[in-house]
Amino acid sequence: MKTEIKLVDYLASRRSIPAFQMGEPGPGKAEVEEMLTLASRVPDHGKLAPWRFIVYRGEERARISAELKTMALAKKPDLSEEMIKVEETRLSRAPVVVAVVSKAAPHFKIPEWEQQMSAGAVCLNLLMAANALGYASNWLTEWYAFDEAAYPLLGVEPGERVAGFIHIGTAMVPPTERPRPELAEIVTWVGEEA
């Protein structure tokens with residue numbers, strides 16, 4: 001299922017597919033392991049590997065989603081029917097969901113911020129690795145990424161934080177372009193003119 005494309009062409013056209021627009025087939029265990037190996041090749045000052053992965057597959061996605069819905073209703077009992085349906089499919093929209101968990105912690109030499117950025121780089125690499133193997137992907141956080149009460153359910157340990165949930169599957173619709181910032185709006189040049 002691998003796709004051959006020049007990296008510059010890929011970066012010029014890279015887009016995410018919404019998780020609810022993904023379906024089967026999803027990657028098998030060997031493909032997920034290949035993706036995770038590729039995703040791990042990120043800048044990592046001090047070689048700390050200040051992140052880890054939790055892979056959600058099969059029926060566990062529906063079970064965890066049902067419990068997330070219960071938690072969401074406990075916090076907001078007046079959720080609309082539409083939002084209840086969203087809550088009960090949080091981890092079951094795509095065939096595979098990978099949590100990238102940041103283990104950033106105080107270190108005598110490596111600032112926590114650098115460790116957190118390494119986890120963010122892992123998320124982006126995982127998106128690209130999934131795409132390189134021919135799958136659609138999407139990086140989401142959503143409320144339960146920031147709610148420590150949900151962490152035991154998700155398998156996140158005390159002191160860890162979720163950098164993102166990477167949803168992986170087959171695109172059910174073609175990707176659409178979205179507006180991107182103009183360079184003039186986001187670039188400051190310092191020094192001589194090019």
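Thresholds, definitions, all that
Residues numbered from 1 in each chain as written. Predicted model: local features only at pLDDT ≥ 70, side-chain atom pairs only at ≥ 80, totals over all residues. Heavy atoms only, no water. Salt bridge = Lys/Arg side-chain N within 4 Å of Asp/Glu carboxyl O. Helix = DSSP H or I, 4+ residues; strand = E, 2+ residues; numbered from the N terminus. Phe/Tyr/Trp six-rings, centres within 6.5 Å; stacked < 30°, edge-to-face > 60°. Buried < 20%, exposed > 50% of the residue type's maximum accessible area, 1.4 Å probe, protein only.

Engineer: Any details on the pattern of salt bridges? Residues and values, ideally.
Structural biologist: Two side chains with opposite charge may pair up if their charged atoms get near one another. Inspection of every chain in the model, using the stated rule, returns 10 salt bridges. As a salt-bridge pair, Glu 67 and Arg 63 come within 2.7 Å of each other at their nearest N and O atoms. Of this pair, Glu 67 and Arg 63 both sit in helix H3 (residues 59–75), four residues apart, roughly one helical turn. Here Glu 88 and Lys 69 are joined by a salt bridge, their closest N and O atoms 3.5 Å apart. Residue Glu 88 is located in the loop between helix H4 (81–87) and strand E3 (96–102), and its partner Lys 69 is located in helix H3; the two are separated by 19 residues in the primary sequence.

Engineer: Before we move on, can you summarise the packing of aromatic side chains with the specific residues and values?
Structural biologist: Evaluation of the coordinates by the stated rule reveals four aromatic pairs. The interplanar angle of 50° and the centroid separation of 6.2 Å between the aromatic rings of Trp 51 and Phe 53 together place this pair among those described as tilted. Between the aromatic rings of Tyr 56 and Phe 165, the centroid separation amounts to 6.4 Å while the plane-to-plane angle is 45°, which identifies the pairing as tilted. Here the residue Tyr 56 occupies a position in strand E2 (residues 51–57), and Phe 165 occupies one in strand E5 (residues 161–171), the gap between them amounting to 109 residues. You'll find Tyr 56 and Phe 165 in the same group, each marked buried. An aromatic cluster is present here, built from Tyr 56, Trp 143, Tyr 144 and Phe 165 joined pairwise through their rings.

Geometric descriptors of this kind do not, in isolation, establish any biological role.
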